[in-house]
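# Structure at a glance
Take a look at the letters that make up each chain.
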There are 2 protein chains.
Amino acid sequence: MSTDLPLTSRSLPIALLRARERVMGPIRAILADVGITEQQWRVLRVLEEEGPQDPTRIAEQACLLLPSLTRILQKLEEKELITRQPDPQDRRKQIVSITASGTRIIRENLGASLAVFDAIRANMGPDRFETLLDLLNELHQDKTG
Amino acid sequence: MSTDLPLTSRSLPIALLRARERVMGPIRAILADVGITEQQWRVLRVLEEEGPQDPTRIAEQACLLLPSLTRILQKLEEKELITRQPDPQDRRKQIVSITASGTRIIRENLGASLAVFDAIRANMGPDRFETLLDLLNELHQDKTG
DNA sequence: GAATTTTGATTAACATGTGAACTTCTTGGC
DNA sequence: GCCAAGAAGTTCACATGTTAATCAAAATTC
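Let me sum up the structure you'll find in this document. All figures in this text were calculated on a predicted structure; none of them were measured in a lab.

Tracing the sequence through the fold places A:Asn137 in helix α6 (residues 126–141). On the accessibility criterion, A:Asn137 (6% relative accessible area) is buried.

A word on the environment of B:Lys75. For B:Lys75, the position within the fold is in helix α4 (residues 66–78). Given a relative accessible area of 44%, B:Lys75 falls into the partly exposed group.

With 76 residues, the main nonpolar core has A:Leu12, A:Leu136, B:Leu12 and B:Leu136 as its most contacted residues. Other than its neighbours up to four places away in sequence, B:Leu136 contacts A:Leu12, A:Ala15, A:Leu16, A:Ala19, A:Leu132, A:Leu136 and B:Leu16.

Taken together, 25 residues are adjacent to DNA strand D, and A:Arg28, A:Thr56, B:Thr37, B:Ser68 and B:Arg71 come closest. Across the atoms of DNA strand D situated within 4 Å of the protein, the share located in sugar and phosphate is 67%. Here a phosphate oxygen of DNA strand D and a side-chain polar atom of A:Thr56 are 2.3 Å apart. A distance of 3.5 Å is found between a phosphate oxygen of DNA strand D and a side-chain nitrogen or oxygen belonging to B:Gln40.

Let us now look at the protein's contact with DNA strand C. Surveying the vicinity of DNA strand C reveals 26 residues, the closest of which are A:Ser68, A:Arg71, B:Pro55, B:Thr56 and B:Arg92. Between DNA strand C and B:Thr70, the relevant distance is 3.0 Å, taken from a phosphate oxygen to a side-chain nitrogen or oxygen of the residue.

What counts, and at which threshold
Residues numbered from 1 in each chain as written. Chains lettered and ligands numbered in written order. Predicted model: local features only at pLDDT ≥ 70, side-chain atom pairs only at ≥ 80, totals over all residues. Heavy atoms only, no water. Helix = DSSP H or I, 4+ residues; strand = E, 2+ residues; numbered from the N terminus. Buried < 20%, exposed > 50% of the residue type's maximum accessible area, 1.4 Å probe, protein only. Core = buried A, V, L, I, M, F, W, Y, C linked by side-chain atoms within 4.5 Å. Contact = heavy atoms within 4.5 Å. Near = heavy atom within 4 Å. Polar contact = N/O pair within 3.5 Å; in protein donor to acceptor, adjacent residues only side chain to side chain.

In short, shape yes, function no, at least from these values alone.
What follows is the structure, given as C-alpha coordinates:
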(Lines give C-alpha, C1' and ligand atoms only; values in the text may rest on other atoms or scores of the structure.)
Protein backbone atom coordinates (compact mmCIF):
# COMPACT_ATOMS: atom_id res chain seq x y z
CA MET A 1 0.00 0.00 0.00
CA SER A 2 3.02 2.29 0.38
CA THR A 3 4.51 1.79 -3.06
CA ASP A 4 5.23 4.84 -5.18
CA LEU A 5 1.79 5.29 -6.65
CA PRO A 6 1.65 8.14 -9.14
CA LEU A 7 -0.87 10.82 -8.32
CA THR A 8 -2.74 9.77 -11.43
CA SER A 9 -3.58 6.41 -9.87
CA ARG A 10 -6.85 7.83 -8.57
CA SER A 11 -7.81 8.87 -12.09
CA LEU A 12 -10.22 6.28 -13.40
CA PRO A 13 -9.28 6.56 -17.10
CA ILE A 14 -5.57 6.27 -16.36
CA ALA A 15 -6.15 3.38 -13.95
CA LEU A 16 -8.14 1.56 -16.63
CA LEU A 17 -5.38 2.17 -19.17
CA ARG A 18 -2.61 0.93 -16.88
CA ALA A 19 -4.53 -2.16 -15.84
CA ARG A 20 -5.25 -2.96 -19.45
CA GLU A 21 -1.61 -2.56 -20.36
CA ARG A 22 -0.59 -4.95 -17.61
CA VAL A 23 -2.98 -7.59 -18.92
CA MET A 24 -2.39 -7.17 -22.63
CA GLY A 25 1.38 -6.79 -22.63
CA PRO A 26 2.10 -10.51 -22.22
CA ILE A 27 -0.74 -11.44 -24.57
CA ARG A 28 0.59 -9.19 -27.30
CA ALA A 29 3.98 -10.84 -26.97
CA ILE A 30 2.44 -14.27 -27.47
CA LEU A 31 0.40 -13.20 -30.47
CA ALA A 32 3.29 -11.31 -32.06
CA ASP A 33 5.06 -14.65 -32.46
CA VAL A 34 2.09 -15.92 -34.47
CA GLY A 35 2.00 -12.73 -36.53
CA ILE A 36 -1.41 -11.43 -35.50
CA THR A 37 -2.50 -8.45 -33.45
CA GLU A 38 -4.59 -8.28 -30.34
CA GLN A 39 -7.61 -7.08 -32.31
CA GLN A 40 -7.25 -9.75 -34.97
CA TRP A 41 -7.11 -12.29 -32.16
CA ARG A 42 -10.33 -10.95 -30.66
CA VAL A 43 -12.13 -11.25 -34.00
CA LEU A 44 -10.93 -14.80 -34.54
CA ARG A 45 -12.01 -15.81 -31.03
CA VAL A 46 -15.48 -14.40 -31.51
CA LEU A 47 -15.87 -16.32 -34.77
CA GLU A 48 -14.51 -19.49 -33.26
CA GLU A 49 -16.70 -19.35 -30.18
CA GLU A 50 -19.92 -17.97 -31.60
CA GLY A 51 -19.83 -19.16 -35.18
CA PRO A 52 -20.21 -17.32 -38.50
CA GLN A 53 -21.81 -13.90 -38.22
CA ASP A 54 -22.02 -10.47 -39.80
CA PRO A 55 -19.51 -7.65 -39.16
CA THR A 56 -21.89 -5.57 -37.06
CA ARG A 57 -22.29 -8.38 -34.56
CA ILE A 58 -18.56 -9.11 -34.58
CA ALA A 59 -17.88 -5.46 -33.82
CA GLU A 60 -20.15 -5.59 -30.78
CA GLN A 61 -18.64 -8.79 -29.44
CA ALA A 62 -15.03 -7.80 -30.03
CA CYS A 63 -15.55 -4.20 -28.95
CA LEU A 64 -14.37 -2.69 -32.23
CA LEU A 65 -15.75 0.11 -34.37
CA LEU A 66 -16.88 -0.82 -37.85
CA PRO A 67 -14.21 1.19 -39.70
CA SER A 68 -11.52 -0.63 -37.75
CA LEU A 69 -13.21 -3.95 -38.29
CA THR A 70 -13.40 -3.38 -42.03
CA ARG A 71 -9.62 -3.11 -42.23
CA ILE A 72 -9.06 -5.99 -39.85
CA LEU A 73 -11.32 -8.29 -41.88
CA GLN A 74 -9.40 -7.35 -45.03
CA LYS A 75 -6.13 -8.34 -43.37
CA LEU A 76 -7.57 -11.57 -41.99
CA GLU A 77 -8.94 -12.42 -45.42
CA GLU A 78 -5.53 -11.86 -47.03
CA LYS A 79 -4.02 -14.18 -44.43
CA GLU A 80 -6.77 -16.68 -45.26
CA LEU A 81 -7.85 -16.91 -41.63
CA ILE A 82 -11.44 -15.99 -42.47
CA THR A 83 -13.81 -16.12 -45.46
CA ARG A 84 -16.74 -13.92 -46.38
CA GLN A 85 -19.99 -14.69 -48.17
CA PRO A 86 -22.84 -12.38 -49.10
CA ASP A 87 -25.96 -12.81 -46.98
CA PRO A 88 -28.69 -14.25 -49.22
CA GLN A 89 -31.41 -12.63 -47.11
CA ASP A 90 -29.99 -9.11 -47.04
CA ARG A 91 -27.56 -8.05 -49.72
CA ARG A 92 -26.15 -5.29 -47.57
CA LYS A 93 -24.81 -7.87 -45.15
CA GLN A 94 -22.16 -10.51 -45.34
CA ILE A 95 -21.41 -13.59 -43.33
CA VAL A 96 -17.91 -13.98 -41.95
CA SER A 97 -16.53 -17.41 -41.09
CA ILE A 98 -13.26 -18.58 -39.59
CA THR A 99 -11.16 -20.96 -41.67
CA ALA A 100 -9.35 -24.11 -40.58
CA SER A 101 -6.10 -22.13 -40.39
CA GLY A 102 -7.82 -19.55 -38.21
CA THR A 103 -9.17 -22.21 -35.89
CA ARG A 104 -5.75 -23.77 -35.66
CA ILE A 105 -4.19 -20.48 -34.55
CA ILE A 106 -6.81 -20.16 -31.83
CA ARG A 107 -6.35 -23.70 -30.60
CA GLU A 108 -2.56 -23.43 -30.55
CA ASN A 109 -2.47 -20.22 -28.55
CA LEU A 110 -5.55 -20.20 -26.37
CA GLY A 111 -3.79 -22.13 -23.62
CA ALA A 112 -0.94 -19.67 -23.28
CA SER A 113 -3.40 -16.82 -23.40
CA LEU A 114 -5.62 -18.22 -20.67
CA ALA A 115 -2.56 -19.00 -18.57
CA VAL A 116 -1.85 -15.27 -18.36
CA PHE A 117 -5.30 -14.62 -16.95
CA ASP A 118 -5.12 -17.53 -14.56
CA ALA A 119 -1.82 -16.23 -13.22
CA ILE A 120 -3.30 -12.79 -12.70
CA ARG A 121 -6.44 -14.21 -11.11
CA ALA A 122 -4.42 -16.41 -8.79
CA ASN A 123 -2.11 -13.59 -7.82
CA MET A 124 -5.03 -11.26 -7.14
CA GLY A 125 -7.21 -13.81 -5.49
CA PRO A 126 -10.17 -15.32 -7.37
CA ASP A 127 -12.73 -13.46 -5.28
CA ARG A 128 -11.16 -10.07 -5.81
CA PHE A 129 -10.77 -10.89 -9.49
CA GLU A 130 -14.48 -11.64 -9.82
CA THR A 131 -15.32 -8.48 -7.91
CA LEU A 132 -13.22 -6.50 -10.36
CA LEU A 133 -15.08 -8.02 -13.31
CA ASP A 134 -18.41 -7.27 -11.65
CA LEU A 135 -17.49 -3.65 -10.99
CA LEU A 136 -16.22 -3.18 -14.54
CA ASN A 137 -19.44 -4.56 -15.98
CA GLU A 138 -21.45 -2.41 -13.61
CA LEU A 139 -19.53 0.60 -14.85
CA HIS A 140 -20.11 -0.42 -18.43
CA GLN A 141 -23.85 -0.60 -17.89
CA ASP A 142 -23.93 2.66 -15.99
CA LYS A 143 -26.60 5.04 -17.22
CA THR A 144 -25.46 8.23 -15.64
CA GLY A 145 -27.90 11.10 -15.36
CA MET B 1 -28.67 -7.76 -13.01
CA SER B 2 -30.42 -9.69 -15.73
CA THR B 3 -29.53 -7.42 -18.59
CA ASP B 4 -28.21 -8.94 -21.80
CA LEU B 5 -24.60 -9.32 -20.83
CA PRO B 6 -22.51 -10.54 -23.74
CA LEU B 7 -20.50 -13.67 -23.12
CA THR B 8 -17.40 -11.53 -23.43
CA SER B 9 -18.28 -9.67 -20.23
CA ARG B 10 -16.18 -12.12 -18.22
CA SER B 11 -13.17 -11.36 -20.40
CA LEU B 12 -10.97 -8.98 -18.49
CA PRO B 13 -9.48 -7.15 -21.51
CA ILE B 14 -12.91 -6.60 -23.06
CA ALA B 15 -14.39 -5.53 -19.73
CA LEU B 16 -11.59 -3.00 -19.32
CA LEU B 17 -12.18 -1.71 -22.84
CA ARG B 18 -15.93 -1.33 -22.38
CA ALA B 19 -15.58 0.38 -19.02
CA ARG B 20 -13.05 2.78 -20.45
CA GLU B 21 -15.30 3.58 -23.37
CA ARG B 22 -18.17 4.37 -21.00
CA VAL B 23 -16.00 6.79 -19.08
CA MET B 24 -14.21 8.44 -21.97
CA GLY B 25 -17.13 8.83 -24.38
CA PRO B 26 -18.63 11.88 -22.63
CA ILE B 27 -15.19 13.35 -21.96
CA ARG B 28 -14.23 13.10 -25.61
CA ALA B 29 -17.41 14.93 -26.56
CA ILE B 30 -16.55 17.79 -24.22
CA LEU B 31 -12.97 18.04 -25.46
CA ALA B 32 -13.97 17.81 -29.12
CA ASP B 33 -15.76 21.13 -28.72
CA VAL B 34 -12.48 22.68 -27.59
CA GLY B 35 -10.61 21.05 -30.46
CA ILE B 36 -8.28 18.80 -28.47
CA THR B 37 -8.08 15.06 -28.04
CA GLU B 38 -8.22 12.93 -24.94
CA GLN B 39 -4.45 12.39 -25.02
CA GLN B 40 -3.67 16.06 -25.56
CA TRP B 41 -5.90 16.78 -22.58
CA ARG B 42 -3.98 14.31 -20.42
CA VAL B 43 -0.68 15.94 -21.34
CA LEU B 44 -1.96 19.42 -20.57
CA ARG B 45 -3.33 18.29 -17.23
CA VAL B 46 -0.06 16.72 -16.19
CA LEU B 47 1.80 19.91 -17.06
CA GLU B 48 -0.74 22.06 -15.28
CA GLU B 49 -0.80 19.96 -12.13
CA GLU B 50 2.84 18.95 -11.85
CA GLY B 51 4.64 21.80 -13.55
CA PRO B 52 7.25 21.88 -16.35
CA GLN B 53 8.98 18.57 -16.97
CA ASP B 54 10.69 16.43 -19.58
CA PRO B 55 8.86 14.19 -22.08
CA THR B 56 9.88 10.94 -20.42
CA ARG B 57 8.21 11.98 -17.19
CA ILE B 58 5.14 13.26 -19.02
CA ALA B 59 4.84 9.94 -20.79
CA GLU B 60 4.82 8.07 -17.48
CA GLN B 61 2.26 10.35 -15.89
CA ALA B 62 -0.07 10.46 -18.88
CA CYS B 63 0.37 6.78 -19.72
CA LEU B 64 1.64 7.41 -23.26
CA LEU B 65 4.50 5.92 -25.23
CA LEU B 66 7.27 8.28 -26.27
CA PRO B 67 6.62 8.05 -30.02
CA SER B 68 3.00 9.05 -29.44
CA LEU B 69 4.03 11.81 -27.10
CA THR B 70 6.49 13.21 -29.63
CA ARG B 71 3.68 13.77 -32.12
CA ILE B 72 1.30 15.08 -29.48
CA LEU B 73 3.86 17.63 -28.27
CA GLN B 74 4.35 18.78 -31.86
CA LYS B 75 0.60 19.37 -32.22
CA LEU B 76 0.35 21.13 -28.87
CA GLU B 77 3.29 23.33 -29.80
CA GLU B 78 1.63 24.29 -33.10
CA LYS B 79 -1.49 25.21 -31.17
CA GLU B 80 0.69 27.23 -28.79
CA LEU B 81 -0.63 25.38 -25.77
CA ILE B 82 2.89 24.38 -24.65
CA THR B 83 6.47 25.59 -25.08
CA ARG B 84 9.73 23.66 -25.08
CA GLN B 85 13.19 24.61 -23.91
CA PRO B 86 16.43 22.62 -23.99
CA ASP B 87 17.56 21.31 -20.62
CA PRO B 88 20.77 23.17 -19.69
CA GLN B 89 21.95 20.24 -17.55
CA ASP B 90 21.46 17.50 -20.15
CA ARG B 91 21.33 18.45 -23.79
CA ARG B 92 19.44 15.29 -24.69
CA LYS B 93 16.47 16.44 -22.65
CA GLN B 94 14.04 19.28 -22.98
CA ILE B 95 11.69 20.99 -20.57
CA VAL B 96 8.05 21.26 -21.57
CA SER B 97 5.83 23.94 -20.08
CA ILE B 98 2.16 24.75 -20.46
CA THR B 99 1.27 28.21 -21.80
CA ALA B 100 -1.38 30.61 -20.57
CA SER B 101 -3.70 29.43 -23.36
CA GLY B 102 -3.15 25.86 -22.29
CA THR B 103 -3.92 26.65 -18.69
CA ARG B 104 -7.06 28.46 -19.76
CA ILE B 105 -8.32 25.41 -21.65
CA ILE B 106 -7.77 23.28 -18.56
CA ARG B 107 -9.52 25.72 -16.25
CA GLU B 108 -12.49 26.17 -18.56
CA ASN B 109 -13.15 22.45 -18.98
CA LEU B 110 -11.98 20.76 -15.83
CA GLY B 111 -15.32 21.28 -14.13
CA ALA B 112 -17.34 19.57 -16.84
CA SER B 113 -14.78 16.78 -16.93
CA LEU B 114 -14.88 16.16 -13.20
CA ALA B 115 -18.69 16.29 -13.26
CA VAL B 116 -18.67 13.18 -15.45
CA PHE B 117 -16.63 11.27 -12.90
CA ASP B 118 -18.71 12.53 -10.00
CA ALA B 119 -21.86 11.35 -11.73
CA ILE B 120 -20.36 7.92 -12.30
CA ARG B 121 -19.06 7.74 -8.76
CA ALA B 122 -22.41 8.77 -7.34
CA ASN B 123 -24.28 6.32 -9.52
CA MET B 124 -21.96 3.48 -8.57
CA GLY B 125 -21.69 4.39 -4.96
CA PRO B 126 -18.52 6.06 -3.64
CA ASP B 127 -17.39 2.97 -1.76
CA ARG B 128 -17.69 0.67 -4.78
CA PHE B 129 -15.98 3.31 -6.89
CA GLU B 130 -13.01 3.40 -4.54
CA THR B 131 -12.90 -0.38 -4.47
CA LEU B 132 -12.74 -0.40 -8.26
CA LEU B 133 -9.82 2.04 -8.24
CA ASP B 134 -8.05 -0.05 -5.61
CA LEU B 135 -8.48 -3.25 -7.59
CA LEU B 136 -7.31 -1.60 -10.81
CA ASN B 137 -4.19 -0.29 -9.12
CA GLU B 138 -3.59 -3.67 -7.57
CA LEU B 139 -3.82 -5.22 -11.01
CA HIS B 140 -1.47 -2.62 -12.39
CA GLN B 141 1.12 -3.42 -9.76
CA ASP B 142 0.68 -7.15 -10.20
CA LYS B 143 3.96 -8.98 -10.61
CA THR B 144 2.73 -12.27 -11.91
CA GLY B 145 5.04 -15.23 -11.71
C1' DG C 1 40.72 9.62 -22.63
C1' DA C 2 39.01 6.78 -26.57
C1' DA C 3 35.67 3.04 -27.26
C1' DT C 4 31.51 1.09 -25.80
C1' DT C 5 27.20 1.25 -23.75
C1' DT C 6 23.20 3.59 -22.24
C1' DT C 7 19.70 7.10 -22.36
C1' DG C 8 16.35 10.80 -24.26
C1' DA C 9 14.01 11.79 -28.07
C1' DT C 10 12.73 11.37 -32.78
C1' DT C 11 11.50 9.03 -37.05
C1' DA C 12 9.61 5.21 -39.79
C1' DA C 13 6.23 1.76 -40.84
C1' DC C 14 2.28 -0.51 -40.03
C1' DA C 15 -2.22 -1.19 -37.42
C1' DT C 16 -6.00 0.64 -34.95
C1' DG C 17 -9.18 4.51 -32.96
C1' DT C 18 -12.53 7.91 -34.25
C1' DG C 19 -15.87 10.92 -36.55
C1' DA C 20 -17.82 12.12 -40.92
C1' DA C 21 -19.05 11.40 -45.63
C1' DC C 22 -20.60 8.04 -48.99
C1' DT C 23 -22.70 3.77 -51.37
C1' DT C 24 -25.83 0.32 -51.61
C1' DC C 25 -29.65 -1.93 -50.16
C1' DT C 26 -33.97 -2.41 -47.34
C1' DT C 27 -38.07 -0.64 -45.14
C1' DG C 28 -41.91 2.36 -44.07
C1' DG C 29 -45.05 5.70 -45.24
C1' DC C 30 -47.96 7.38 -48.61
C1' DG D 1 -45.41 1.21 -56.72
C1' DC D 2 -42.67 5.50 -55.42
C1' DC D 3 -39.93 7.94 -52.24
C1' DA D 4 -37.96 9.26 -48.20
C1' DA D 5 -35.74 7.43 -44.11
C1' DG D 6 -32.90 4.08 -42.06
C1' DA D 7 -29.32 0.37 -41.84
C1' DA D 8 -24.81 -2.19 -43.25
C1' DG D 9 -20.32 -1.56 -44.90
C1' DT D 10 -16.87 0.99 -46.80
C1' DT D 11 -13.83 4.82 -47.47
C1' DC D 12 -11.49 9.10 -45.91
C1' DA D 13 -8.83 11.95 -42.95
C1' DC D 14 -6.60 12.60 -39.03
C1' DA D 15 -4.73 11.05 -34.41
C1' DT D 16 -2.80 7.55 -31.65
C1' DG D 17 -0.76 2.69 -30.49
C1' DT D 18 3.22 -0.17 -31.14
C1' DT D 19 7.70 -1.95 -32.43
C1' DA D 20 12.05 -1.23 -34.45
C1' DA D 21 15.53 1.68 -36.19
C1' DT D 22 18.03 5.99 -35.76
C1' DC D 23 20.66 9.91 -33.75
C1' DA D 24 22.85 12.84 -30.57
C1' DA D 25 24.42 13.29 -26.02
C1' DA D 26 25.60 11.42 -21.58
C1' DA D 27 27.64 7.79 -18.67
C1' DT D 28 30.71 3.54 -18.29
C1' DT D 29 34.32 0.84 -19.10
C1' DC D 30 39.04 -0.15 -19.75
